[in-house]
Amino acid sequence: MGSEGDANQRKPRFLCLHGFRTSGQILKKQVFDKWPTQVVEKLDLVFVDAPFPCQGKSEVEGIFDPPYYEWFQFNKEFTEYQNFDKCLAYIEECMIKHGPFDGLLGFSQGAILSGALPGLQEKGVALTKVPKIKYLIIIGGAQFKNESVAEKAYSSSITCPSVHFLGEQDYLKKYGIELLESYVDPVVIHHPKGHTIPRFDEKGLETMLSFIEMVQLEISK
């Protein structure tokens, strides 16, 4: 029965939110280039583009081909946002259109959004028309600094199981650690690189596979 049972198992479905001024296609390439088959084949990953065309220079120009997109716009201090509500409504539309989803996978700007959405959903200010976000994969994340967003997103502990990637050289590492404080029992994978989708070392791979296995068991119940 074993293998047949596995074949019929539904894979955990994650909506993947890319980084600032990149695209769904770029994140897909980053994930599939860096992560081994034994990780990606266990997940059902759906990549979408952010709602707004890039409004300035992209950091990935010359590395990845355009077009590039951004989720919302912000000031230098990251305390004021433009089109934030439109961004939340757009993510909800994607979840309705391509879902239902078990969780979110986010990198950089997408990780900051993913890390805040369960709290915003809990407070009834976002994603009110879709099932509850149950799992998170956060790569190079941080907290929102805008007080009213942060208050809603992080004031209650976030209990959904989450795995957080922290890069030793990531300029957001300090903020990624702050984000962990809002979570109950977050799983952390450390890597030596900067602000990027990392490859796994042996320990990281083991941690990731056991996280996926836990999710798989829960959604199969």
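Counting starts from 1 at the beginning of each chain's written sequence and moves along it residue by residue. Per-residue local features of the predicted model are confined to residues with pLDDT of at least 70, and side-chain atom pairs are confined, for both listing and counting, to 80 or more; whole-chain, interface and lining totals are unaffected and use all residues. For the side-chain quantities, the full set of heavy atoms in the structure was used; hydrogens and water were omitted.

Per an unreviewed UniProt entry, the chain carries the name UPF0483 protein AGAP003155-like and comes from Nicotiana tabacum.

Chemist: Any chance you could explain the overall build of the chain here in plain terms?
Modeler: Here a strand is any run of E in DSSP of at least two residues, a helix any run of H or I of at least four, and the numbering for each starts at the N terminus. Helix and strand counts for the chain come out as 8 helices and 10 strands. Since a compact globule built from 221 residues should have a radius of gyration of about 17 Å, the 17 Å found for the chain is in line with a globular shape. Projected onto the principal axes, the alpha-carbon positions of the chain cover approximately 55 × 40 × 30 Å. Classification of the 221 residues of the chain by burial places 52% in the buried group. Considering only residue pairs separated by 6 or more positions, the chain has 75% of its internal contacts joining residues 24 or more positions apart. All accessible-area figures derive from a Shrake-Rupley calculation using a 1.4 Å probe, and residue coverage is judged against the displayed protein chains alone. With the model as given, the accessible surface of the chain reaches about 11,200 Å², and the carbon-plus-sulfur share is 50%. Of the charged side chains in the chain, 24 are positive and 29 negative, and the gap between their average positions amounts to 2 Å. For this measure, only C-alpha atoms enter the radius of gyration; the expected value for a globule follows 2.2 Å times N^0.38, where N is the number of residues. Burial classes follow relative accessibility: with a 1.4 Å probe on protein chains only, a residue under 20% of its type's maximum area counts as buried, one over 50% as exposed, and anything between as partly exposed. We call two residues in contact when some of their heavy atoms are within 4.5 Å. Only four residue types enter the charge count: Lys and Arg as positive, Asp and Glu as negative, with His and the chain ends excluded. Every charge is mapped onto a representative atom, which is NZ of Lys, CZ of Arg, CG of Asp or CD of Glu.

Chemist: How should the UniProt feature "domain: Serine hydrolase" (unreviewed entry) in the chain be read in this particular structure?
Modeler: Mapped onto this numbering, the UniProt entry gives "domain: Serine hydrolase" (unreviewed entry) at residues 10-201. Taken end to end, residues 10-201 is 31% helix and 20% strand, and its first and last C-alpha atoms sit 27 Å apart. UniProt positions are given in the numbering used here, feature names are shortened, and annotations may be inferred rather than shown by experiment.

Chemist: Can you help me understand the environment of S23 in this one?
Modeler: In this structure, S23 sits in the loop between β1 (13-17) and α2 (24-34). Judged by relative accessible area, S23 falls into the buried class, the value being 5%. Each C-alpha atom, one on S23 and one on P67, is 7.2 Å from the other, the two residues being 44 residues apart in sequence. Setting aside its immediate chain neighbours within four residues, S23 contacts H18, D49, P67 and Y69.

Chemist: Please explain the pattern of salt bridges as it appears in this structure.
Modeler: Oppositely charged side chains can form a pair if their charged atoms are brought close together. The working definition used for a salt bridge is a side-chain nitrogen of Lys or Arg within 4 Å of a carboxyl oxygen of Asp or Glu. In total, this model carries 9 salt bridges according to the counting rule given. A salt bridge links E92 to K129, with the shortest nitrogen-to-oxygen separation between them at 3.9 Å. In this pair, E92 is assigned in helix α4 (residues 84-98) and K129 in the loop between α5 (109-122) and β8 (135-139), connecting sequence segments 37 residues apart. Relative accessible area serves as the criterion here: at 9%, E92 is assigned to the buried category. Within this structure, R10, D102 and K134 form a network of salt bridges that share partners.

Chemist: Mind showing me how you'd approach the nonpolar core here?
Modeler: Inside soluble globular proteins, nonpolar side chains tend to come together where they are buried. Counting residues in hydrophobic clusters, the biggest one holds 41 residues, and the most contacted among them are L15, I91, L113, L117 and F144. If we skip the residues at most four places from it in the chain, L15 touches V46, V48, I91, C94, M95, F101, G103, L104 and L105. Put simply, a nonpolar core is a bunch of buried Ala, Val, Leu, Ile, Met, Phe, Trp, Tyr and Cys residues held in one set by side-chain atoms that sit within 4.5 Å of each other.

Chemist: How should the packing of α4 against α5 be read in this particular structure?
Modeler: Think of two packed helices as two axes; the pair is described by the angle between the axes and how far apart they sit. Angles here are taken between N-to-C directions and fall from 0 to 180 degrees, while the axes themselves are lines fitted to C-alpha atoms, restricted in helices to the stretch in contact. Between α4 and α5, whose axes approach to 12 Å, the crossing angle comes to 85°. Between α4 and α5, the crossing angle belongs to the class labelled roughly perpendicular. Contacts from F84, C87, L88 and I91 in α4 reach L113, L117 and L120 in α5. When its residues are assigned to classes, the contact of α4 with α5 shows 7 nonpolar, no polar and no charged. In this scheme, roughly parallel covers angles under 35 degrees and roughly antiparallel covers those over 145, while 65 to 115 is roughly perpendicular and the rest are oblique. Each residue is assigned to one of three groups, with Ala, Val, Leu, Ile, Met, Phe, Trp, Tyr, Cys and Pro labelled nonpolar, Asp, Glu, Lys and Arg labelled charged, and all others, Gly among them, labelled polar.

Chemist: Would you explain the confidence of the model for the chain in this entry?
Modeler: Atom-level detail of predicted coordinates should not be read off regions where pLDDT is low. Scored from 0 to 100, pLDDT reflects the predictor's confidence in each residue. Residues at a pLDDT of 70 or more form 96% of the chain, whose mean pLDDT is 95. Under a pLDDT of 50 for its full length, residues 1-5 has, in the predicted model, 0 contacts with residues more than four places off or in other chains.

Chemist: How should the packing of aromatic side chains be read in this particular structure?
Modeler: The description of two aromatic rings rests on the distance between their centres and on the angle between their planes. In this analysis, rings of Phe, Tyr and Trp, with Trp reduced to its six-membered ring, are considered paired at centre separations within 6.5 Å, and the interplanar angle assigns stacked below 30 degrees, edge-to-face beyond 60, and tilted for intermediate values. Across all of its chains, the model carries 17 aromatic pairs by this definition. Judged by centre distance (5.3 Å) and plane angle (45°), the ring pair of W35 and F200 falls under tilted. Pair noted here: W35 is in the loop between α2 and α3 (37-40) and F200 is in the loop between β10 (187-191) and α8 (202-220), with a separation of 165 residues, a long-range link. On the basis of relative accessible area, F200 is assigned to the buried category, the value being 16%. Relative to Y81, the ring of F72 has its centre 5.4 Å away and its plane inclined at 70°; by these criteria the two rings are edge-to-face. Both residues of the pair, F72 and Y81, belong to the buried class.

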